[in-house]
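Inside the fold
Listed here are the chains, written in short residue letters.
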Amino acid sequence: MTIRKMLLASAAIACAAMPVSAFADTSGKKIALSNNYAGNSWRQAMLTSWGKVTGEAVKAGVVAAADPFTTAENQATEQAAQIQNMILQGYDAIVLNAASPTALNGAVKEACDAGITVVSFDGIVTEPCAWRIAVNFKEMGRSEVEYLSKKLPQGGNLLEIRGLAGVFVDDEISAGIHDGVKQFPQFKVVGSVHGDWAQDVAQKAVAGILPSLPDIVGVVTQGGDGYGAAQAIAATDRKMPIIIMGNREDELKWWKEQKDANGYETMSVSIAPGVSTLAFWVAQQILDGKQVKKDLVVPFLRIDQDNLENNLANTQAGGVANVEYTQADAIKVIESAK
């Protein structure tokens, strides 16, 4: 089964194939991507997927433009100014990966008041006029601890690696991890660092906190930090704990090497970076006059011991396990939410 099929199936989308809508109604429309951060492999893969899929859509005449913009710093004030510039430039829709769930609400409301469709994804916003596309990040975090409870029924100490401070995704995954610890109280989080979803940042952060920690049996993560954690721990005399991975190619490659060498077992979970392409198609469908629920949920992509090799083989070097969505996929997601 392909990754796209697994994602759509796990979302319980069971509607029949639908015809692709006519392009005429959106052929003159312009869509912009407002992205707050590009400093890790997930964000780079997200931008690559956006460029690939939207480039084909522009070439086919589905929309007139689909321009990506990324702020230089992960600052809500800078992204708010970026959105205000998009309003002035006359975009018909803004697809938004937000630096904050609330700090951009004013700029988003300005866009809505100007008649612009705003679709947030991954880092979503709470402004009611916007649409939101996200996985259940809280459940993603909780599922990590549930997995560890099956592998380590006696429990033990955990190290938590968080993402970018202040971002919705970071808060939700962390809340889910702590919900999991409440559900499985044999575990205890004894340390927490921010890895910014980047291997180099995570490696330095983990190396810095390890000397102050007792023995740890597991590392719960958010994506983009597993390999960095493994490198930091490997540089000590500590036993390698179970590190939850985040679907990055370097993580999957390291996991495969350890699996072959000593039977190392773990799991890997993340949102597919190609969710940006789903957000694009949802925005296009809204501009085409479709009625779309304000909140759409897509499943996270999980890799397990038995499908590691297949997923690694299909993940680009330096990239992330991914799925890119079509217009037909977006229609199915929209219909399934009604």
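Scope of this entry: the structure provided in the associated data block. (Residues numbered from 1 in each chain as written. Predicted model: local features only at pLDDT ≥ 70, side-chain atom pairs only at ≥ 80, totals over all residues. Heavy atoms only, no water.)

Let us look at the state of the cysteines. In a disulfide, the sulfur atoms of two cysteines are held together by a covalent bond. Going through the model one piece at a time under the given rule, you end up with one disulfide. Disulfide pairing places Cys112 opposite Cys129 at an S-S distance of 2.1 Å. Here the S-S torsion is close to 80°, and the disulfide linking Cys112 with Cys129 is therefore right-handed. Placement of Cys112 in helix H4 (residues 105–113) and of Cys129 in the loop between strand E4 (117–121) and strand E5 (131–134) is noted, with a sequence separation of 17 residues between them. For Cys129, a relative accessible area of 18% corresponds to the buried category. (Disulfide = S-S within 2.5 Å. Helix = DSSP H or I, 4+ residues; strand = E, 2+ residues; numbered from the N terminus. Buried < 20%, exposed > 50% of the residue type's maximum accessible area, 1.4 Å probe, protein only.)

This part covers the pattern of salt bridges. If you walk through the whole model with that rule in mind, you get 13 salt bridges. For the salt bridge of Glu324 with Lys52, the shortest nitrogen-to-oxygen distance reads 3.1 Å. Taken together, the residues Glu324 in the loop between helix H11 (308–313) and helix H12 (327–336) and Lys52 in helix H2 (residues 41–59) connect sequence positions 272 residues apart. Asp171 is the salt-bridge partner of Arg162, the closest N and O atoms lying 3.2 Å from each other. A cluster of three or more residues bridged by salt bridges with shared partners is formed by Glu139, Arg142 and Glu146. (Salt bridge = Lys/Arg side-chain N within 4 Å of Asp/Glu carboxyl O.)

Within the sequence span of helix H8 (residues 226–234), burial applies to Gly226, Gly228, Ala229, Ala230, Ala232 and Ile233. Looking at the packing, one finds that the buried side of H8 touches strand E6 (156–162), helix H7 (199–209), strand E8 (218–220), strand E9 (242–243) and helix H9 (249–262). (Contact = heavy atoms within 4.5 Å.)

Turning our eyes to something else, we now look at unusual backbone geometry. With the exception of glycine, most residues fall at negative phi, and the peptide bonds are largely trans. One non-glycine residue with positive phi stands out, namely Asp196, at about 60°. You can see Asp196 is positioned in the loop between strand E7 (187–194) and H7. Notably, Trp197 is not glycine yet its phi reads approximately 60°, a positive angle. Inspection of the secondary structure assignment puts Trp197 in the loop between E7 and H7.

Moving on to the sheet that holds E8. Strands sit in the order E7-E6-E8-E9 across an open sheet of four strands; the sheet is parallel. Unpaired on one side and paired on the other, E7 and E9 mark the two borders of the sheet. (Pairing = 2+ DSSP bridges.)

Let us now look at the sheet that holds E5. Ordered by their spatial adjacency, six strands build an open sheet running E2-E1-E3-E4-E5-E11, and the pairing between neighbours is parallel. The open sheet has two edge strands with one neighbour each: strand E2 (65–70) and strand E11 (295–297). Going from strand to strand, the sheet's axes swing by 15° on average, the running direction of each strand aside. Relative to E5, E4 runs parallel, the two being bridged by three bridges. In the strand pairing of E5, Phe121 is matched with Ile133. Here helix H10 (residues 275–287) sits on the sheet and contacts strand E1 (30–35), E2, strand E3 (93–97), E4, E5 and E11; the angle it forms with E4, its principal contact strand, is near 160°. (Axes fitted to C-alpha atoms, helices over the stretch in contact; angles between N-to-C directions.)

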